[in-house]
Protein chains: 2
Amino acid sequence: MKSEIEVFREFIRNKGLRKTPEREQVVRAVFAIHDHFDVDELYVLLRGQNERISKATIYRTIPLLLESGLIQEAYFEDGHLHYEHIYGHEHNCHLRCLDCGKVVEFTEEIVKDVEEKVGEIYDFLVTGHKLEVYGHCGKCKVHK
Amino acid sequence: MKSEIEVFREFIRNKGLRKTPEREQVVRAVFAIHDHFDVDELYVLLRGQNERISKATIYRTIPLLLESGLIQEAYFEDGHLHYEHIYGHEHNCHLRCLDCGKVVEFTEEIVKDVEEKVGEIYDFLVTGHKLEVYGHCGKCKVHK
DNA sequence: GCTATTATCGCAATTCGTTCGCAATAAGGA
DNA sequence: TCCTTATTGCGAACGAATTGCGATAATAGC
Ligand SMILES: [Mn+2]
Ligand SMILES: [Mn+2]
Ligand SMILES: [Zn+2]
Ligand SMILES: [Zn+2]
């Protein structure tokens, strides 16, 4: 299996874009965080490593990471988008507590079947899904 | 089955809030739009009806509609959230074309089973879900 | 390797969705 | 009807995201 950097370089080359240290710093930061992240977290992480990078560059790199399939949007919360790296992972379903915000990851094979079925019915070439189940977690539901 | 206005009034009363014409105008607008909507669309619709309402009031009413279960967030797009009324409806799954943005609604019973199963495993009191399947629609996939 | 071209960068200004402060208003209980 | 105070409209403020621009540096061609 190719590394995320290899995947990214291939994507960049195929698009006729330039390989730059800034873009690759973002890729490394994204795969150094094993959790959901937002632009500011990437920025703080990179700046803490004495990397000289601007937020504008991070914002401009995000669409490339999305298009190359390395990351996906996880959810919109607190006024901004949160992402997660998905290359090499399979947990793209989330269970969220509406009270405390806790998020549990899970994978459910049946959703793949739904993808296939729906794609056939509506004539779509399906490439992925995003499922969020929400409710009240064990700790929070007792107060209801 | 109660009307949406009745449900809303009950919710408002139970929360000890005040019944205002502005809030009910928003409820009516929300159920007059049989599609996904955003705050600005509500604003334009209400203003076009010579209703004197401010955007701030619409923004302040949205959380009430969410909490009362009359609407839900549909998706985040073009820099802002989009909603849909769900009271009296059951289509809360979306199939989206990544190229042209087309959205098809569908309902899938199996997702209810996933809800139940996941809720049990992780000890959550599940109240709902949001499933978005994405890919390329019939028209767009031929250009790939 | 050197040079020319131009994509990309950092920075600051801008845009735009959303929230907030506040004075005026009006809902609802006494 | 009066009083309390939640709610409103307005405009300012806030914050995420985008953009314009001059400087920089990646890459292709020589
Ligand atoms: Mn996740
Ligand atoms: Mn819908
Ligand atoms: Zn919780
Ligand atoms: Zn399409």
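For the structure given in this document, a descriptive report is provided here. (Residues numbered from 1 in each chain as written. Chains lettered and ligands numbered in written order. Predicted model: local features only at pLDDT ≥ 70, side-chain atom pairs only at ≥ 80, totals over all residues. Heavy atoms only, no water.)

## Overview of the coordination of the manganese ion (ligand 2)
Inference 1: Within the protein, B:His36 (NE2), B:Glu84 (OE), B:His94 (NE2) and B:Glu105 (OE) serve as the donor atoms for the manganese ion (ligand 2), at 1.8 to 2.2 Å.
Inference 2: Here B:His94 falls in the buried class, since its relative accessible area comes to 2%. (Donors = N, O, S within 2.8 Å, 3.2 Å for Na, K, Ca; no water. Buried < 20%, exposed > 50% of the residue type's maximum accessible area, 1.4 Å probe, protein only.)

## A few points about the pattern of salt bridges
Where charged atoms of side chains with opposite charge meet at close range, the side chains can pair.
Residue and element names in this part refer to chain B.
Inference 1: As enumerated under the stated definition, the model contains 18 salt bridges over all chains in all.
Inference 2: Of the charged contacts, one joins Lys 2 and Glu 10 as a salt bridge, the two residues approaching to 3.6 Å between their closest N and O atoms.
Inference 3: On the accessibility criterion, Lys 2 (43% relative accessible area) is partly exposed.
Inference 4: Of the charged contacts in the structure, one is a salt bridge between Arg 96 and Glu 77, with a shortest N-O distance of 2.5 Å. (Salt bridge = Lys/Arg side-chain N within 4 Å of Asp/Glu carboxyl O.)

## Describing the protein's contact with DNA strand C
Inference 1: Lining the immediate environment of DNA strand C, one finds 21 residues, of which A:Arg23, A:Ser54, A:Thr57, B:Lys19 and B:Tyr59 sit closest.
Inference 2: Of all DNA strand C atoms lying within 4 Å of any protein atom, the proportion belonging to sugar or phosphate reaches 73%.
Inference 3: Measuring from a phosphate oxygen of DNA strand C, one finds a side-chain N or O atom of A:Arg23 at 2.9 Å.
Inference 4: Here a base nitrogen of DNA strand C and a side-chain polar atom of A:Arg60 are 2.9 Å apart.
Inference 5: Listing elements by their share of the surface near DNA strand C, those giving two or more residues are helix H2 (21-32) and helix H4 (55-67) of chain A together with helix H4 (55-67) and strand S2 (80-85) of chain B.
Inference 6: Grouping the constituent residues of the surface near DNA strand C by class yields seven nonpolar, five polar and nine charged. (Near = heavy atom within 4 Å. Polar contact = N/O pair within 3.5 Å; in protein donor to acceptor, adjacent residues only side chain to side chain. Helix = DSSP H or I, 4+ residues; strand = E, 2+ residues; numbered from the N terminus. Nonpolar A, V, L, I, M, F, W, Y, C, P; charged D, E, K, R; others polar.)

## A short note on the protein's contact with DNA strand D
Inference 1: Lining the immediate surroundings of DNA strand D are 21 residues, of which A:Lys19, A:Tyr59, B:Arg52, B:Thr57 and B:Arg60 lie closest.
Inference 2: Among atoms of DNA strand D positioned within 4 Å of the protein, sugar and phosphate together represent 70%.
Inference 3: Within the side chain of B:Ser54, one N or O atom sits 2.9 Å away from a phosphate oxygen of DNA strand D.
Inference 4: Between DNA strand D and B:Arg60 there is a distance of 2.8 Å, counted from a base nitrogen to a side-chain nitrogen or oxygen.
Inference 5: Of all elements in the fold, only H4 and strand S2 (80-85) of chain A together with helix H2 (21-32) and H4 of chain B reach the threshold of two or more residues within the surface near DNA strand D.
Inference 6: A breakdown of the residues in the surface near DNA strand D according to their chemical character gives seven nonpolar, five polar and nine charged.

## Looking at the sheet that holds strand S4 (residues 103-106) of chain A
Inference 1: Sheet architecture is open: six strands sit in the order S4(A)-S3(A)-S5(A)-S5(B)-S3(B)-S4(B), paired in mixed fashion. Both edges of this open sheet fall to S4 of chain A together with strand S4 (103-106) of chain B, since each of them pairs with a single strand only. Each strand axis lies, on average, 20 degrees off the axis of its neighbour in the sheet, ignoring direction.
Inference 2: Here strand S3 (residues 93-97) of chain A runs beside S4(A); their pairing, made up of four bridges, is antiparallel. Looking at the pairing, A:Arg96 lines up with A:Val103 of S4(A).
Inference 3: Sitting on the sheet, helix H5 (residues 109-121) of chain A is in contact with strand S5 (125-137) of chain A together with strand S3 (93-97), S4 and strand S5 (124-136) of chain B, with an inclination near 130 degrees to S5(A).
Inference 4: Across the sheet, helix H5 (residues 109-121) of chain B is in contact with S3, S4 and S5 of chain A together with S5 of chain B; its angle to S5(B) comes to roughly 135 degrees. (Pairing = 2+ DSSP bridges. Axes fitted to C-alpha atoms, helices over the stretch in contact; angles between N-to-C directions. Contact = heavy atoms within 4.5 Å.)

## Comments concerning the relation of the copies chain A and chain B
Mapping between the two chain copies consists of a rotation about an axis together with a translation along that axis.
Inference 1: Expressed as a screw operation, the relation of chain A to chain B combines 0.1 Å of axial shift with a rotation of 180 degrees, fitting to an RMSD of 0.1 Å. The superposition of one copy onto the other is thereby described by a two-fold rotation axis. Among all residues of chain A, the minimum C-alpha distance to the rotation axis is found for A:Leu131, at 2.2 Å.
Inference 2: Mapped onto chain B, 100% of the interface residues of chain A are again interface residues, and the two copies thus contact each other with one and the same surface. (Least-squares fit on C-alpha atoms with pLDDT ≥ 70 in both.)

## Examining the interface of chain A and chain B
Accessible area lost during the coming together of the parts is what is often quoted as the interface size.
Inference 1: With 35 residues of chain A at the interface, the matching set in chain B holds 35 residues.
Inference 2: Together, the buried faces of chain A and chain B total about 3300 Å²; carbon and sulfur atoms form 69% of this surface.
Inference 3: Here chain A is connected to chain B by 18 residue pairs in polar contact (both at pLDDT 80 or more).
Inference 4: Secondary structure elements with two or more residues in the side of chain A that touches chain B: strand S1 (71-77), S3, S4, H5, S5 and helix H6 (138-141) of chain A. (Buried area = accessible area lost by both parts, 1.4 Å probe.)

The values are spatial; any link to function lies outside them.
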